[in-house]
Every structure is written in structure tokens, then in C-alpha cells.
Amino acid sequence: MSRRILIVDDEPSIVTLLEFLMRGSNYEVRVARDGEEALRGAESFRPDLVLLDVMMPQRSGFEVCQKIRENPAFRGVKIVMLTAKGRDLEKHRGLDLGANAYVTKPFSTKELMSTVRGLLHTADEPDTVRR
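Small disclaimer: the values here were computed from a predicted structure and weren't measured.

Caption draft 1: Main features of helix H2 (residues 35-45). What H2 keeps buried is the set Gly35, Ala38, Leu39, Gly41, Ala42 and Phe45. For H2, the angular spread of buried residues about the axis comes to 160°, placing them on one side. Turned more than 90 degrees away from the buried face of H2 sit Arg40 and Ser44, all of them exposed. Those residues of H2 that are buried lie in contact with strand S1 (4-8), strand S2 (28-32) and helix H3 (61-70). Looking at where H2 begins, the residue whose side-chain oxygen comes 3.0 Å from the main-chain nitrogen of Glu36 is Asp34. Trailing H2 by a residue or two, Arg46 shows a phi angle of about 55°, which is positive.

Pasting the structure below:
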């Protein structure tokens, strides 16, 4: 079964690059170009992972991250925030809102793919049984 990735970014060159990388790794991909479209896409596409830009029209990536985390139906969705905002304050805000990882632009494609694979691999592991 192919894993699903929702790419949320309003910058066409970044979207093209991310689509190429994700499809090249056999992920099923959908794209949203603003915060509202991202929330609708999450509902209809049911992604396993969201690559989420912070600075977007309509709703910021922070708002989208918070809305996804508030919805119990998206409990297992992994979120990677992608942004040019690399200050510690923004990074901590994203992680506090529930992002699983925070990657600053420009980013290494190798490191990004490693992060994506790592998060999706972790999602595949069964929960540990406590005795």
C-alpha cells in the first residue's frame, strides 16, 4: 500500500521539487496551495504525512497544524513543517503545536527524505504492549 503525502506550499518551485521527490519514492501525492485548501485536502485525501509550509495565504501552517492536531481523525498523521522561518521561537511554536519535525529552507533533499522515511517507518511500527 502506497503511503500518502499532502504537500502544502504556495511556492510553485518548492511544490514541483517536493512532488518530484515524493513521487520518486513511490508515495501518493496531493498538493494544497493555501491553508484552507490544506484542511480540505486533509479531510478528503487522508494523508499519512503532511509537508507543511508556515507562511501561506488564508491560514498559516501553524494554524493548519493546530487544526489537524485538534481533529481526532488525524491522530496518526505526521507533520513536517517546512519554512524559511528558522528562528528557535518559530521552531518551538511548530513543535509545540504538534509538528513531528521542523525543516528550514533551503533544505537538503537527502535530509528531508530521511526525515519523511523515518516518520513513516515509525508510523508503521505497532504500539508497544506494556506488561
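Caption draft 2: Highlighting the pattern of salt bridges. Throughout the structure, instances matching the rule amount to eight salt bridges. Between Arg3 and Asp48 there is a salt bridge, and its shortest N-O distance comes to 3.3 Å. One end of the pair, Arg3, is in the segment before S1; the other, Asp48, is in the loop between H2 and strand S3 (49-53), and 45 residues separate them in sequence. What makes Asp48 buried here is its relative accessible area of 18%. Between Lys67 and Glu70 there is a salt bridge, and its shortest N-O distance comes to 4.0 Å.

Caption draft 3: The arrangement of the sheet that holds strand S5 (residues 101-104) in detail. Read across the open sheet, the five strands follow the order S2-S1-S3-S4-S5; overall the sheet is parallel. Whereas interior strands pair on both sides, the edge strands pair on one side only; in this sheet they are S2 and S5. In this sheet, neighbouring strand axes are inclined to one another by 20° on average, regardless of whether the strands run parallel or antiparallel. Examined bridge by bridge, strand S4 (residues 78-83) and S5 share four bridges and lie parallel to one another. Its bridge partner being in S5, Val80 is matched across the sheet by Ala101. Contacts from helix H1 (residues 12-24) reach S1, S2, S3 and S4 within the one sheet, and its direction differs from that of S2 by about 165°. Against the sheet, H3 engages S3 and S4, with an angle of about 175° to S4.

Caption draft 4: Quick look at the packing of H2 against H3. Across the interface, H2 lies against H3 with an axial gap of 9 Å and an inter-helix angle of 25°. Put simply, H2 runs roughly parallel to H3. For the pair H2 and H3, the sense of crossing is right-handed. Taking contact as the criterion, the partners of Gly35, Ala38 and Leu39 in H2 are, on H3, Val64, Lys67 and Ile68. Here the residues of the contact of H2 with H3 are counted per class, giving four nonpolar, one polar and one charged.

Calculation criteria
- Residues numbered from 1 in each chain as written.
- Predicted model: local features only at pLDDT ≥ 70, side-chain atom pairs only at ≥ 80, totals over all residues.
- Heavy atoms only, no water.
- Buried < 20%, exposed > 50% of the residue type's maximum accessible area, 1.4 Å probe, protein only.
- Helix = DSSP H or I, 4+ residues; strand = E, 2+ residues; numbered from the N terminus.
- Arc of directions from axis to C-beta.
- Contact = heavy atoms within 4.5 Å.
- Polar contact = N/O pair within 3.5 Å; in protein donor to acceptor, adjacent residues only side chain to side chain.
- Salt bridge = Lys/Arg side-chain N within 4 Å of Asp/Glu carboxyl O.
- Pairing = 2+ DSSP bridges.
- Axes fitted to C-alpha atoms, helices over the stretch in contact; angles between N-to-C directions.
- Parallel < 35°, antiparallel > 145°, perpendicular 65-115°, else oblique.
- Left-handed = near helix turned anticlockwise from the far one by under 90°.
- Nonpolar A, V, L, I, M, F, W, Y, C, P; charged D, E, K, R; others polar.

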